[in-house]
Amino acid sequence: MSDIPFSNPGWAGNTGEFDLTEKEVRGDDFVGDRPKDGGHPSGAGTMPYMLVDKDPDAPLFEGEYRQRFEKILTRYPDKRAALLPVLSLAQELRGHVSAESMDEVAGLLELSPAYVRGVTTFYTMYNKRAVGRYLVQVCTNISCNLCGADEVLQAFLRYTDAEMGETSKDGNFTVIEAECLAACGFPTCVQINSRYYENVTPADVAQIIEHLKPEGES
Amino acid sequence: MRVISTHFGDPLQRRLGTYVERGGYEALKKAFSMGPDEVVETVKASGLRGRGGAGFPTGVKWSFMPKEATKPHYLLCNADESEPGTFKDRELMRWDPHQLIEGCLIAAYAIRAKHAYIYCRGEFFETNQVVARAVEDAYEKGYAGEDIFGSGNDIAVTVHQGAGAYICGEETGLMNSLEGRRGEPRVKPPFPAAVGVFGMPSTINNVETLAAVPHIVNNGEEWYRQWGTESSPGTKLFCVSGHINKPGNYELPLGFPLSELIDDVCGGIRNGNGLKAVIPGGSSVAILNSEEARRCRLDYEGCIDVGTMLGCASVIVMDDTTDIVKQVRRMVDFYAHESCGQCTPCREGSAWAAQIMKRIEIGEGTVEDLDTLMEVTEQMVGTTICVLSDSVAPPVQSSIQKFRADYLALISEQESAGAT
Ligand SMILES: Cc1cc2nc3c(=O)[nH]c(=O)nc-3n(C[C@H](O)[C@H](O)[C@H](O)COP(=O)(O)O)c2cc1C
Ligand code: SF4
Ligand code: FES
């Protein structure tokens, strides 16, 4: 996603205030172009995208995604260890990990469905049910909280017209509270799909929402 | 003075070509010429201590690994950064990914591992792409993989992405998670150097620890010891957040005075307000009041001297407008949410403490609740599989001891309201 109208990558401590564009800070030539087939197997287990348009019926593990799946398997001594990256792959395509997705993954990795269910439910990043096109996660932990995170969360709820944890009527936004996102020096940190927005104040929220609505992918 | 953060703010540093032009991967070559045991000795002599929170001497940890690799050995990089207040590993990964990769390769070589896994926090989509791309570049140019620089050494590097769970930062929770299991910590012993990930001897280190390794190998232990104190040598990233004019990551020698960090380096407290409290090491250490903060030296021993811990040096500054009860309640909520549930004292204790804190915050608490909180958290210390449980006591107990008036104000408001 390009040209975010507000930009404040914050302070880098004793490197001074950045004299850089936001894209440079985020690594524009490194971020956002990972090949769908996973590229080199060493990095195939990372989940590059959270697709905006989520298709709960998308076929799993076909074409480039099949290749990524095969590459992931080569990096571990057993199939079980591929479970997390493979669940992430399912979520990347479908937007959440449904019971059917879990069963499919279980079959592929020769694990029992009950086992896969037990693991999936342990991890917060696997959405157990469908979410909006944009999943908005507002950190309200201590450092952000000291700097007004609760107001930022309220502003997101207000502008998206969504109930906490529920998806807005237009299907665009699901807003939830998050634990510390490890960007505490740039409060409030908000994760929207796969990217972080830092130094967000309630005054920025309307602009972020407006900017996101027409976008295709994040 | 910067060692590991020298190139923060320079987007070129992510490129392998630039990294190599600036002397990158020389330390790996040097390590290969030294042999594994001499690398371990050098890191041991440098006094480098683990930056993931516990401060365990890194070289000593490496020396626990079997000297003969009769089974596969593994090096794990803990990049699951999620202790509230901590935001250094993400910067290290996104600004200087090759520094970390080189550190991983050297560490893997030293412990005779042929595979290094970088377990990255799942939420770090963008950071993980930077690291994954850098690893790919390293493979392409022969800095990782088989027969590195034609030295005959094979070391694979894999970027593994987590899926959201604070407890996967705990070393054995991370191992279970990497194996495709629930990230529940394991009972120790056996320790990872004997039975680690995939049942094999393993060593786990934090991102910042591994990032310092190439510099130590290049320049030697004496050079590293020019900073810091005898028992806490070297430099450390301090993550400063909260009510501060210039939040951010500051690399400073260990032993640096906390008051100078706040007043001089970080430009003082926002709006010229007074200081109320500081948490020097992330959410699981005791809170300091302003008087203790003035005396605190930021090294492992200096923090113990004022009754707290350095942890991962996540300095959270709170000015005199802070609602301490609310903030402690938020931290306790965090632990209640993140407890993996294996141990009763942790699961029940954190949930109970969170309930009581909430009750006090909304003005429905009693003076007895404070005693109950002290007791509940006391019973959570030293009784469980991992130390997540122990982490609840320091913030709760220190806040009740040092900011009792804040608690009582909420309680007496309620009590007098009830009387009228
Ligand atoms: C609940 C809990 C969470 C932890 N989270 C992290 C973490 O996010 N990152 C980290 O490096 N260490 C974390 N640790 C510490 C690790 O268990 C381990 O000590 C550390 O990774 C060792 O690396 P070091 O010796 O280089 O510090 C955590 C420990 C506990 C008990
Ligand atoms: S102390 Fe808590 S987090 Fe640690 S293993 Fe026990 S229940 Fe899990
Ligand atoms: S407290 Fe919000 S990112 Fe750490």
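Residues numbered from 1 in each chain as written. Chains lettered and ligands numbered in written order. Predicted model: local features only at pLDDT ≥ 70, side-chain atom pairs only at ≥ 80, totals over all residues. Heavy atoms only, no water.

A. Region of interest: the domain arrangement of chain A. For chain A, the assigned domains are domain 1 (41-122) and domain 2 (134-212). Relative placement of domain 1 of chain A and domain 2 of chain A: their C-alpha centres are 27 Å apart. (Domains from an automatic or database assignment.)

B. Structural detail: the side chain of Ser88(A). Residue and element names in this part refer to chain A. Mapped onto the secondary structure, Ser88 falls in helix H3 (residues 83-94). Exposure remark for Ser88: the relative accessible area of 5% places this residue in the buried category. Excluding anything up to four places from it in sequence, Ser88 contacts Met47 and Tyr126. (Helix = DSSP H or I, 4+ residues; strand = E, 2+ residues; numbered from the N terminus. Buried < 20%, exposed > 50% of the residue type's maximum accessible area, 1.4 Å probe, protein only. Contact = heavy atoms within 4.5 Å.)

C. The site of ligand 1, seen in detail. All names here are of chain B. With respect to spatial proximity, 19 residues lie near ligand 1, and among them Gly52, Lys61, Asn78, Asn206 and Thr209 are the closest. Residue Lys61 places a side-chain N or O atom 2.8 Å away from an oxygen atom belonging to ligand 1. Between ligand 1 and Thr209, the relevant distance is 2.7 Å, taken from an oxygen atom to a side-chain nitrogen or oxygen of the residue. Contact with the protein chains hides 90% of the accessible area of ligand 1, taken as 610 Å² for the molecule alone. Of the residues forming the shell around ligand 1, the biggest block, three residues, is contributed by strand E4 (residues 202-206). Looking at the shell around ligand 1 residue by residue, the classes come out as five nonpolar, eight polar and six charged. (Near = heavy atom within 4 Å. Polar contact = N/O pair within 3.5 Å; in protein donor to acceptor, adjacent residues only side chain to side chain. Areas by Shrake-Rupley, 256 points an atom, 1.4 Å probe, with all protein chains shown as cover. Nonpolar A, V, L, I, M, F, W, Y, C, P; charged D, E, K, R; others polar.)

D. Here's a closer look at the domain arrangement of chain B. Residues and elements named next belong to chain B. The assigned domain composition of chain B is domain 1 (11-50 + 58-224), domain 2 (235-319) and domain 3 (324-419). Put simply, the middle of domain 1 and the middle of domain 2, counted by C-alpha atoms, are 28 Å apart. Facing the twelve residues of domain 1 at the interface are 17 residues of domain 2. Overall, the association of domain 1 and domain 2 removes approximately 1,100 Å² of surface from exposure, summing both partners, and the carbon and sulfur fraction of that is 52%. (Buried area = accessible area lost by both parts, 1.4 Å probe.)

E. Focus on unusual backbone geometry. Looking along the chain, the bond that leaves Lys188(B) and enters Pro189(B) is cis, with omega of -5°. On the secondary structure map, Pro189(B) appears in the loop between helix H8 (171-178) and E4. Each neighbour pair has its own omega, and for Pro189(B) with Pro190(B) the value is 5°, a cis peptide bond. Its identity is not glycine, yet Asp161(A) carries a phi of approximately 55°, on the positive side. Within the element layout of this structure, Asp161(A) appears in the loop between helix H7 (149-160) and strand E2 (173-178). You can call Asp161(A) exposed: its relative accessible area is 60%.

F. Focus on the sheet that holds strand E9 (residues 288-289) of chain B. If you walk across this open sheet you meet the five strands as E6-E5-E11-E8-E9 (chain B), and the pairing is mixed. Each having just a single partner strand, strand E6 (248-253) and E9 of chain B make up the two edges of the open sheet. (Pairing = 2+ DSSP bridges.)

G. Seen up close, the sheet that holds strand E1 (residues 134-139) of chain A. All names here are of chain A. Taken together, the four strands give an open sheet; going across it, the order is E2-E1-E3-E4, and neighbouring strands pair in mixed fashion. Looking along the sheet, the strands with just one partner apiece sit at the ends: E2 and strand E4 (195-197). Direction aside, the axes of adjacent strands within the sheet are offset by 25° on average. Where strand E3 (residues 190-192) and E4 come together, three bridges link them in antiparallel fashion. Note that in E4 the partner of Gln191 across the bridge is Tyr196. On the sheet, H7 packs against E1, E2 and E3 and is oriented at approximately 165° with respect to E2. (Axes fitted to C-alpha atoms, helices over the stretch in contact; angles between N-to-C directions.)

H. Expanded view of the pairing of strand E2 (residues 115-120) of chain B. Residues and elements named next belong to chain B. Of all six residues making up E2, six are buried, and the element is well covered by its neighbours. The sheet contact formed by strand E1 (residues 74-79) and E2 spans six bridges and is parallel. Bridging across to E2, Tyr74 finds its partner in His115. Of the pairings in the sheet, the one linking E2 to strand E3 (residues 156-161) comprises six bridges and is parallel in character. Paired with His115 across the bridge in E3 is Ala156. Between the parallel elements E2 and E3, the chain passes through helix H7 (residues 125-140) in a crossover that is right-handed. (Right-handed = clockwise from strand over helix to strand, strands pointing away.)

I. Main features of the packing of aromatic side chains. Counted by the stated rule, this structure contains 21 aromatic pairs over all chains. Where Tyr196(A) meets Phe124(B), the ring centres are 6.3 Å apart and the plane angle is 70°; that geometry is what we call edge-to-face. Note that Tyr196(A) is positioned in strand E4 and Phe124(B) in the loop between E2 and H7, a pairing that runs across two chains. For the ring pair Phe56(B) and Phe64(B), a centre distance of 6.1 Å and an interplane angle of 50° mean the geometry is tilted. Here the aromatic residues Tyr19(B), Tyr25(B), Phe32(B), Tyr109(B), Tyr143(B) and Phe149(B) are joined through ring pairs into a cluster of three or more. Between Arg49(B) and the ring centre of Tyr300(B), over which it is positioned, the NZ or CZ distance is 4.1 Å. One cation-aromatic arrangement involves Arg133(B) over Phe30(A); the distance from NZ or CZ to the ring centre is 4.5 Å. (Phe/Tyr/Trp six-rings, centres within 6.5 Å; stacked < 30°, edge-to-face > 60°. Lys NZ or Arg CZ within 6 Å of the ring centre and 35° of its normal.)

J. Inspection of the confidence of the model for chain B at higher detail. Summarising the model, chain B shows a mean pLDDT of 96, and 98% of its residues fall at 70 or more. Reported confidences for the modelled complex are a pTM of 0.96 and an ipTM of 0.95. (pLDDT = per-residue confidence, 0-100.)

K. Inspection of the site of ligand 2 at higher detail. In the region of ligand 2, 13 residues are neighbours, and Cys340(B), Gln342(B), Cys343(B), Cys346(B) and Cys386(B) sit closest. Taken together, the residues of the shell around ligand 2 break down into eight nonpolar, five polar and no charged.

L. Layout of the packing of helix H2 (residues 26-34) of chain B against helix H6 (residues 97-110) of chain B. Residue and element names in this part refer to chain B. Their axes nearest at 9 Å, the elements H2 and H6 cross at an angle of 5°. With respect to H6, the element H2 is oriented roughly parallel. Between H2, through Glu26, Ala27, Leu28, Ala31 and Phe32, and H6, the contact on the second element is made entirely by Glu102, Leu105, Ile106 and Tyr109. Looking at side-chain class alone, the contact of H2 with H6 contains seven nonpolar, no polar and two charged residues. (Parallel < 35°, antiparallel > 145°, perpendicular 65-115°, else oblique.)

M. Representation of the nonpolar core within the structure. Tyr123(A), Val328(B) and Ile360(B) are the most contacted members of the largest nonpolar core, which has 83 residues in total. In this structure Tyr123(A) touches Leu84(A), Lys128(A), Ala163(B), Gly164(B), Ala165(B), Cys168(B), Ser177(B), Arg181(B), Arg182(B) and Gly183(B), once residues within four positions along its chain are discounted. Cys180(A), Val3(B), Val131(B) and Ala134(B) belong to the second largest nonpolar core, which has 77 residues in total. (Core = buried A, V, L, I, M, F, W, Y, C linked by side-chain atoms within 4.5 Å.)

N. How the structure looks around the pattern of salt bridges. Residues and elements named next belong to chain B. Tallying each qualifying case throughout the model produces 43 salt bridges over all chains. Here Arg112 ties to Asp37 by a salt bridge, and the two come within 3.2 Å at their closest N and O atoms. With Arg112 in the loop between H6 and E2 and Asp37 in helix H3 (residues 36-46), the pair connects residues that are 75 residues apart, well separated along the chain. Owing to a relative accessible area of 34%, Asp37 belongs among the partly exposed residues under this scheme. With a shortest N-O distance of 2.8 Å, Asp89 and Lys88 are connected by a salt bridge. You can call Asp89 buried: its relative accessible area is 2%. The buried category is assigned to Lys88, whose relative accessible area is 1%. (Salt bridge = Lys/Arg side-chain N within 4 Å of Asp/Glu carboxyl O.)

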